[in-house]
Every structure is written in structure tokens, then in C-alpha cells.
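Single-letter residue listing:
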Amino acid sequence: MTEGKRPGGLTALAIINFILCGASLLSLATFALIGKVPTDEMEEAQRAQIEAFKNMEPSTLILLFGSTLVTGILLLLAGVGYLKQKRFLGRVLGSTYAVAAIISSIMGALMMPPELEGGFNLGTLIGLVYPILTLILVNTTFKDDLVN
């Protein structure tokens, strides 16, 4: 690989990281605003979901909030690392994000009540695909590109 030329796949990973980081910010906003949602005009199923969320143990909410925050920050930093082709920011933090996201997805599947679509489902599977793909790509395909 020539110096200064970034592979398109690495740029694509960075863009996906930034998009997922934005989704993490939206999730954090949802955590923060869930108690302020008026449930009067909602359908029964939606009302049950909001109530189930409100009734979750505070420690569970803190753990879910914290894991979302950590993975969001790691996504942002790793995305910058991919763009700058940095070994620590790209490869190390990208791998760290992947491991944290895998743990977070499994933890979320185990901790979420059924009313909030807890358990291992399609959403959990989708939440595992990108971190696993990231882990593979930054440690094989793009390993030699993340050297600065």
C-alpha cells in the first residue's frame, strides 16, 4: 500500500462508525427522556413498553446506559483512527469497541424484559454482526493499513 492512500473499505468502516455513533447518541437521548414521555395517547402495547422500561432496576439502566455511552465513544474514536490510519485509535480501539459491543449486545439480550423485546432475537443478531465484522477486518484485511 502506498503512503497516504487509504483503502475505500477503511473509509467505509469509518463512515459506518460515525453513523452508529449517532445512533448511540439517539439511544442515550431515549434513556434520558423515557420518564418524560406522556403515555395517555399511546396504544396499550406502547404504554406497556414504556412502563416496563420505567420499572427496570436502576442498576440495570445504569449498566445499559454506560455500555451504550462507552461503545458510542469507542465508535467515534475508532472512526477517526480509521480515517487517519492510526494503529492505536483504529486497530486497538476498533477491536476494543468490537469486544465491548459484543458483550453489550449479549448483556442487553439477557437483561431486557420481554416487553422491551429482550432475549436473543433478530435485533441481537444484527447488533453482533458489525462488531464481529469490525474485529475481523481491523485485525486481518486492514491490519497493515493501520500502522501510523
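Higher on the page you've got the structure.
Residues numbered from 1 in each chain as written. Predicted model: local features only at pLDDT ≥ 70, side-chain atom pairs only at ≥ 80, totals over all residues. Heavy atoms only, no water.

Details of the packing of helix H1 (residues 8–33) against helix H3 (residues 58–84)
Now for step 1: For the pair H1 and H3, interaxial distance at closest approach is 8 Å and the crossing angle is 155 degrees. In terms of orientation, H1 and H3 fall into the roughly antiparallel class. With respect to the hand of their crossing, H1 and H3 are arranged in left-handed fashion.
Now for step 2: Across the contact of H1 with H3, the residue classes tally to 18 nonpolar, seven polar and no charged. (Axes fitted to C-alpha atoms, helices over the stretch in contact; angles between N-to-C directions. Helix = DSSP H or I, 4+ residues; strand = E, 2+ residues; numbered from the N terminus. Parallel < 35°, antiparallel > 145°, perpendicular 65-115°, else oblique. Left-handed = near helix turned anticlockwise from the far one by under 90°. Nonpolar A, V, L, I, M, F, W, Y, C, P; charged D, E, K, R; others polar.)

A closer look at helix H4 (residues 87–111)
Now for step 1: Helix length check: H4, at 25 residues, gives a terminal C-alpha distance of 34 Å against a target of 36 Å (1.5 Å per residue), a fit within 8%.
Now for step 2: Taken as a whole, H4 carries its principal kink of about 30 degrees at Leu93. (Expected span 1.5 Å × (residues − 1). Bend = angle between axes of the 7 residues up to and from the residue.)

Some thoughts on a nonpolar patch on the surface
Now for step 1: Together, Phe120, Leu122, Leu125, Ile126 and Val129 line one region of the surface with nonpolar side chains, adding up to about 550 Å² of accessible area.
Now for step 2: Within the secondary structure, Phe120 sits in the loop between H4 and helix H5 (122–139). (Patch = residues over 30% accessible without salt bridge, like charges linked within 9 Å, V, L, I, M, F, W, Y side chains within 5 Å. Areas by Shrake-Rupley, 256 points an atom, 1.4 Å probe, with all protein chains shown as cover. Salt bridge = Lys/Arg side-chain N within 4 Å of Asp/Glu carboxyl O.)

Quick word on the environment of Thr96
Now for step 1: On the secondary structure map, Thr96 appears in helix H4.
Now for step 2: Among the polar contacts made by the side chain of Thr96, one reaches the main-chain carbonyl oxygen of Val92 at a distance of 2.7 Å. (Polar contact = N/O pair within 3.5 Å; in protein donor to acceptor, adjacent residues only side chain to side chain.)

What about the nonpolar core?
Now for step 1: Core analysis: the biggest nonpolar cluster contains 17 residues, and Leu10, Leu13, Tyr82, Tyr97, Phe142 and Leu146 have the highest contact counts within it.
Now for step 2: Of all the secondary structure elements, the ones that give two or more residues to this core are H1, H3, H4 and H5.
Now for step 3: Apart from residues no more than four positions distant in its own chain, Leu10 is found in contact with Tyr82, Gln85, Phe142, Asp145 and Leu146.
Now for step 4: Among the nonpolar cores identified, the runner-up in size contains seven residues, and Leu28, Ile34, Met56 and Leu64 belong to it. (Core = buried A, V, L, I, M, F, W, Y, C linked by side-chain atoms within 4.5 Å. Buried < 20%, exposed > 50% of the residue type's maximum accessible area, 1.4 Å probe, protein only. Contact = heavy atoms within 4.5 Å.)

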